[in-house]
Amino acid sequence: MKAKLLAAVTMFALASCASQPADHATTLSPQDPKWRSAECGKARAAAANYAASEKETMSVSAGLLLGPYGLGIAMAGKQHQAKMRKQFARDTYLNCSSKPLPASLAR
């Protein structure tokens, strides 16, 4: 039973991962007309500093020590971080690219 629960939690954690906004910002084309805009410059600078400003949430292993409620709190924190990273990457893409929004960044 515990092994199944741990496997489910691990799969959930991996599924909710999102790439860092700075990594996503480097994939955008500097040839795009929006690239030179002031909004894009601000978005790229914010993306570069995003990792340093992101708060560390409770780890899953610490959540396991606190029991079922601690595990839920840890997973909710990780899911929220992934959602915020995706939103940040989406905003950066919209500010810096004229191309249609990719499916990976769609809501």
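One can find the structure itself at the top, above this paragraph.
We now turn to the structure provided with this report. Computed from a prediction, not measured in an experiment: that's the story for all the values here. The numbers attached to residues start from 1 for each chain and follow its sequence in the written order. Predicted model: local features are reported for residues with pLDDT of at least 70 only, side-chain atom pairs are reported and counted for 80 or more only, and whole-chain, interface and lining totals are derived from all residues. Note: side-chain values were computed over all heavy atoms of the structure, leaving out hydrogens and water.

## Section: the nonpolar core
Phase 1 of the analysis: The term nonpolar core refers to a set of buried residues drawn from Ala, Val, Leu, Ile, Met, Phe, Trp, Tyr and Cys, joined through side-chain atoms within 4.5 Å. Categorising residues by exposure relies on relative accessible area from a 1.4 Å probe, with only protein chains included: less than 20% of the type maximum marks a residue as buried, more than 50% marks it as exposed, and the intermediate range marks it as partly exposed. Ranked by size, the top nonpolar core spans 8 residues in total: Leu28, Trp35, Cys40, Ala43, Ala89, Tyr93, Cys96 and Leu105.
Phase 2 of the analysis: Only runs of H or I of at least four residues qualify as helices and only runs of E of at least two qualify as strands under DSSP, and these elements are numbered from the N terminus. Breaking this core down by element, the ones donating at least two residues are α3 (38-53) and α5 (68-96).
Phase 3 of the analysis: The residues touching leucine 28, leaving out its near neighbours within four places in the chain, are Trp35, Thr92, Tyr93, Cys96 and Ser97. We call two residues contacting when some pair of their heavy atoms lies within 4.5 Å.

## Considerations on the environment of leucine 101
Phase 1 of the analysis: You can see leucine 101 is positioned in the segment after α5.
Phase 2 of the analysis: The partly exposed category is assigned to leucine 101, whose relative accessible area is 27%.
Phase 3 of the analysis: Taking the C-alpha atoms as reference, leucine 101 lies 7.9 Å from arginine 90; in sequence the two are 11 residues apart.
Phase 4 of the analysis: Ignoring anything within four residues of it in the chain, the contact list for leucine 101 reads Arg90, Tyr93, Leu94 and Ala106.

## Regarding the packing of aromatic side chains
Phase 1 of the analysis: Any two rings among Phe, Tyr and Trp, with Trp reduced to its six-membered ring, count as a pair given centres within 6.5 Å; such a pair is stacked if its planes are under 30 degrees apart, edge-to-face if over 60, and tilted if neither. Tallied over the entire structure, the rule returns 0 aromatic pairs.
Phase 2 of the analysis: Looking at arginine 44, its charged tip hangs above the ring of tryptophan 35, at a distance of 4.0 Å from the centre. In this scheme, the term charge over a ring applies when either NZ of a lysine or CZ of an arginine sits within 6 Å of the ring centre and within 35 degrees of the ring normal.

## Concerning the state of the cysteines
Phase 1 of the analysis: Put simply, a disulfide is two cysteine sulfurs that come within 2.5 Å. Under the defined criterion, the tally for this structure stands at 1 disulfide.
Phase 2 of the analysis: Here cysteine 40 connects covalently by a disulfide to cysteine 96, the sulfurs 2.1 Å from one another. Across the S-S bond of cysteine 40 and cysteine 96 the torsion is about 110°, and the bridge reads as right-handed. Of this pair, cysteine 40 sits in helix α3 while cysteine 96 sits in helix α5; the two residues are 56 residues apart in sequence, bridging distant segments of the chain.
Phase 3 of the analysis: Residue classification places cysteine 40 among the buried residues on the basis of a relative accessible area of 0%.

## What about the environment of proline 102?
Phase 1 of the analysis: Within the element layout of this structure, proline 102 appears in the segment after α5.
Phase 2 of the analysis: By relative accessible area, proline 102 is classed as partly exposed at 25%.
Phase 3 of the analysis: Distance in space between the C-alpha atoms of proline 102 and arginine 90 is 9.1 Å, their sequence separation being 12 residues.

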